[in-house]
Amino acid sequence: MSGIFRRIAALAATALAAAGLVTAADHQATANAAAPAFEVLVFSKTAGFRHDSIPAGQQAIRDLGAANNFGVTTTEDANAFTTANLARYKAVVFLSTTGDVLNGTQQSAFESYVNGGGGYVGVHAAADTEYDWPYYGQLVGAWFRSHPAIQQATIRVEDRSHPATAHLGATWQRTDEWYNYRTNPRGTSRVLMSLDESSYSGGDMGGDHPITWCRAQAAGRSFYTGLGHTQQSYADGAFRNVLLGGIRYAAGAASADCRPNGGGGSGTVEGESFSSQSGVQVAPHAGASGGQTLGYIDNGDWAGYASVSTAGARGFTAKISSAGAGGTITIRSGSQTGTVLGTVTVPITGGWETFQTISTTLTGTGTGPLFLTFTGGSGALFDIDTFALTSGTTPDPPAEVSPNVHVFYYPWYGSPAGGAGWRHWQQGGHTPPQGIGANFYPTLGAYDSGDFTGAVDRHMRWIRDAGAGVLVYSWWGRGGYEDGLARGVLDAAARHGVKVAWHIEPYGGRTADSVVADINYINATYGSHPAYYRAAQYGNRPAFYVFESLRTTDWTALDQVNGSNIILAQTTDGSKIAHFSGMYTYDAIAGATAPGWKSASDYARANNLIWAPSVGPGYIDDRAVPGNTTPTLDRAGGATYDREWSNALDPATGGPPSWVSITSFNEWHEGSTIEPASSAPPGGFGYQTYEGAYGKTGAAAETAYLERTKYWATEFEARRARAAANRAPAR
């Protein structure tokens, strides 16, 4: 396509001063400048859909240049992409380009330009461009997959230190066309803004939905925003400032930390998001992330992922299922016959809806895009739901976790660092951070439950290492403190292979009808998240524990949701669980003697209900509730915890259970924690420690209850496997 270059020299900045786009210092710099500080090329060629907002976008960037002392050239002529011409510009903006817009020679020139220190800015449909050019897939960060209708959504501003986002608040309400992407760029880019998928219809990225990001590209810089579909966007001062910050960063005129959020790797990639393939197809699976997998895999098939770079990859993890022959995944770089980086065996999982996580260390050196090749026996081999490459140090293989071990988790703590002041730690009249309402002191100190990349991330790793596959999230009503933190905890859980069920607490005004509304709200708000627990052995239904269910006498309303959800009552009395799916106990003291457990287990088994007795290491709440007369249950060096687990598993006292629930991971007020407690807590407060638990002393004792949980989780699964084998018909 032939085009005309339209040079727009930088003008004085006074025209847009009132719009707040420049500072007084910028005005002075512009007035003193004899020439623009740098030049930008705006490229808007389309070989597919053409956005009617392109002219408005061109004019907006001209205005930004005039006000901020940079020159702007707009073109739709790909002949501008020569080494000599590109050298004139500090950054190139792909403004809603679509399709194949550059030939091979032009691609080479642009690749050399960026790798040599040039800048790239992609706007909206720039992600719908050059699907057959692997380098461009790396540069843009993620390719477009689909979009719902134009509508309002909530944007979460994750990083407000970047010049493109520094002017924004924590959230931003906008109307635009919201792209879904083939891959998640989080592992290779710094995500600056993401979408709250619960705030609009049609988001399908499992709750982690980046919409604006940046990254280094060799010696150059890349910035992309999915915003900018509508003409109205370019008249919005807030969006113009996003463009301005992105352009200044890409041009090297403003610095920013664009290291990947996750420290490198591919992020989570949907198996079905291949860019090339042989033999495989997309397979629908209700229990899979996004409802689909890479399926119909036979011996000799392969799939390529042009936007997933193997550079620096040191580990590979995949979520798979197989009711077929199983087989082997070979991880390659560059092509389906390219350099072998590693292999991993795919076991038979026993069903196409039964997923497991596999992983391997990569020993080869990759440089090109990722290709996966598949080998095995005859017929269907396996399905791949999601996978990820990891870079840097070689990751530890994911711990094996039991989906039948659930641990109660409390996200109600707050500290001044989180902006909400102290929450819960001060219970009992104490003064954090050294004085807290607990008889043990956390190894992590008086943490904030909103510290998702610090304390919460560490919690998820500990839960995983303890073999517990599900945390039961303490939830105190829609819009409450814990509800506001739920997505961050889900994100952290997903990073470590932990799933999240729900503990509906006795908030003020709770009724049977309100619990029905709660279940519908939680499912609608969080149900698409990859960490959202669904019980595979019970029809992939999510699970809800209802604390103090006996406060309400008529639960008939639950019939509206009980068929599609698992709802457990807190009791051992089978006459009190009409309209529920089963029972749990919660009480960490009662587990030592298991009152009513045998009859509850028998009743549940006879009526095809779920029985989830609760076990705990002990109980003491003296500091949290001074003068309380609740009995204390001593940990006895770990003997109490062992006795409660034995009671739960032994058919003579309470077994066999459907699930075992643990009270608790971090209910510090009640002293029932398995979370590590400091072996050297602040002095003068009378704190206890885990000293002597299972023969461990000092720092080694801090994790004693996590390690013992792993032992019992493994024992529980072994007993389940033996019971299943005994029930299997003889051949």
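All values derive from a computational prediction rather than experimental measurement.

**Q** Run through the sheet that holds strand β27 (residues 543-546), naming residues and quoting values.
**A** Backbone hydrogen bonds are what pair the strands of a sheet, in a parallel or an antiparallel way. Taken in spatial order, the nine strands make up an open sheet running β30-β29-β28-β27-β26-β25-β24-β32-β31, and their pairing is parallel. Two strands in the sheet have a free side with no partner beyond their single neighbour: β30 (610-612) and β31 (614-615). In terms of strand pairing, strand β26 (residues 499-504) meets β27 through three bridges, oriented parallel. Bridge pairing in β27 links His503 to Tyr545. Strand contacts of helix α10 (residues 597-606): β29 (582-584), β30 and β31, with the helix running at about 155° to β30, the strand carrying the most contacts.

**Q** Let's hear about helix α7 (residues 455-465): which residues, and what values?
**A** Within α7, eight of the 11 residues are buried, leaving the element largely enclosed by the surrounding structure. Listed in full, the buried residues belonging to α7 are Ala455, Val456, Asp457, His459, Met460, Trp462, Ile463 and Arg464. Within two residues after α7, Gly467 carries a phi angle of roughly 85°, on the positive side.

**Q** Explain helix α6 (residues 237-250) residue by residue, including any values.
**A** Here α6 is 14 residues long and its end C-alpha atoms lie 20 Å apart, about the 20 Å a rise of 1.5 Å per residue gives. Of all the residues in α6, the buried ones are Phe239, Arg240, Asn241, Val242, Leu243, Leu244, Gly245, Gly246, Ile247, Tyr249 and Ala250. Of the residues that open α6, the one with a side-chain oxygen 3.0 Å from the backbone nitrogen of Ala238 is Asp236. Backbone geometry just downstream of α6 places Gly252 in the positive-phi region, at approximately 80°.

**Q** Before we move on, could you go through the pairing of strand β25 (residues 468-475) and cite the residues and values that matter?
**A** Counting buried residues in β25 gives eight out of eight residues, a clear majority hidden from the surface. In this sheet, β25 lies alongside strand β24 (residues 402-409) in parallel orientation, the contact comprising five bridges. Following the sheet pairing, His406 is matched in β25 by Val470. A crossover links β24 with its parallel partner β25, the connecting element being α7, and its sense is right-handed. Of the pairings in the sheet, the one linking β25 to β26 comprises six bridges and is parallel in character.

**Q** Break down the pattern of salt bridges for me, with residues and values.
**A** The final tally for this structure, using the stated rule, is 23 salt bridges. In this structure, Asp602 engages Lys598 in a salt bridge whose closest nitrogen and oxygen atoms are separated by 3.4 Å. Of this pair, Asp602 and Lys598 both sit in helix α10, separated by four residues, roughly a single helical turn. Judged by its relative accessible area of 28%, Asp602 falls in the partly exposed class. Look at Lys598 and you get partly exposed, because its relative accessible area is 35%. The partner of Lys696 in a salt bridge is Glu707, and the shortest N-O contact between them spans 3.4 Å. On the criterion of sequence distance, the pair formed by Lys696 in the loop between β32 (660-662) and α12 (704-727) and Glu707 in helix α12 is long-range, its members being 11 residues apart.

**Q** Please provide a residue-by-residue account of the state of the cysteines, values included.
**A** Taken as a whole, this structure holds one disulfide when the rule is applied. Put simply, Cys214 and Cys258 are joined by a disulfide, and their sulfur atoms are 2.0 Å apart. Taking the torsion about the sulfur-sulfur bond, which here is approximately -100°, the covalent link between Cys214 and Cys258 counts as left-handed. Remark: Cys258 occurs in the loop between α6 and β13 (269-270) and Cys214 occurs in strand β11 (residues 209-217); sequence separation between them is 44 residues. One exposure class covers both Cys214 and Cys258, and it is buried.

**Q** Tell me about the packing of helix α8 (residues 481-495) against helix α9 (residues 512-526), and name the residues and values.
**A** Look at α8 against α9: their axes get within 12 Å of each other, and the N-to-C directions meet at 45°. Relative to α9, the element α8 is oriented oblique. For the pair α8 and α9, the crossing hand works out as right-handed. Of α9, the residues touching α8 (which contributes Asp483, Ala486, Arg487 and Leu490) are Tyr521, Thr525 and Tyr526. Split into classes, the residues belonging to the contact of α8 with α9 amount to four nonpolar, one polar and two charged.

**Q** Could you give an account of the environment of Phe355, with specific residues and numbers?
**A** Tracing the chain through its elements places Phe355 in strand β21 (residues 351-361). Using a relative accessible area of 19% as the deciding quantity, one classes Phe355 as buried. Non-local contacts of Phe355, meaning those with residues more than four positions away in its chain, are made with Gly287, Ala288, Thr293, Lys319, Ile320, Ser321 and Asp385.

**Q** Could you give an account of the pairing of strand β19 (residues 327-333), naming the residues involved and the relevant values?
**A** When a strand is regular, its side chains alternate between the sheet's two faces. Counting buried residues in β19 gives six out of seven residues, a clear majority hidden from the surface. As paired elements, β19 and strand β20 (residues 339-346) share seven bridges and run antiparallel to each other. Bridging across to β20, Ile331 finds its partner in Gly342. What sits between β19 and β20 in their antiparallel hairpin is a turn of five residues, with Gly334 showing a positive phi close to 95°.

Conventions we followed
- Residues numbered from 1 in each chain as written.
- Predicted model: local features only at pLDDT ≥ 70, side-chain atom pairs only at ≥ 80, totals over all residues.
- Heavy atoms only, no water.
- Pairing = 2+ DSSP bridges.
- Helix = DSSP H or I, 4+ residues; strand = E, 2+ residues; numbered from the N terminus.
- Contact = heavy atoms within 4.5 Å.
- Axes fitted to C-alpha atoms, helices over the stretch in contact; angles between N-to-C directions.
- Buried < 20%, exposed > 50% of the residue type's maximum accessible area, 1.4 Å probe, protein only.
- Expected span 1.5 Å × (residues − 1).
- Polar contact = N/O pair within 3.5 Å; in protein donor to acceptor, adjacent residues only side chain to side chain.
- Right-handed = clockwise from strand over helix to strand, strands pointing away.
- Salt bridge = Lys/Arg side-chain N within 4 Å of Asp/Glu carboxyl O.
- Disulfide = S-S within 2.5 Å.
- Parallel < 35°, antiparallel > 145°, perpendicular 65-115°, else oblique.
- Left-handed = near helix turned anticlockwise from the far one by under 90°.
- Nonpolar A, V, L, I, M, F, W, Y, C, P; charged D, E, K, R; others polar.

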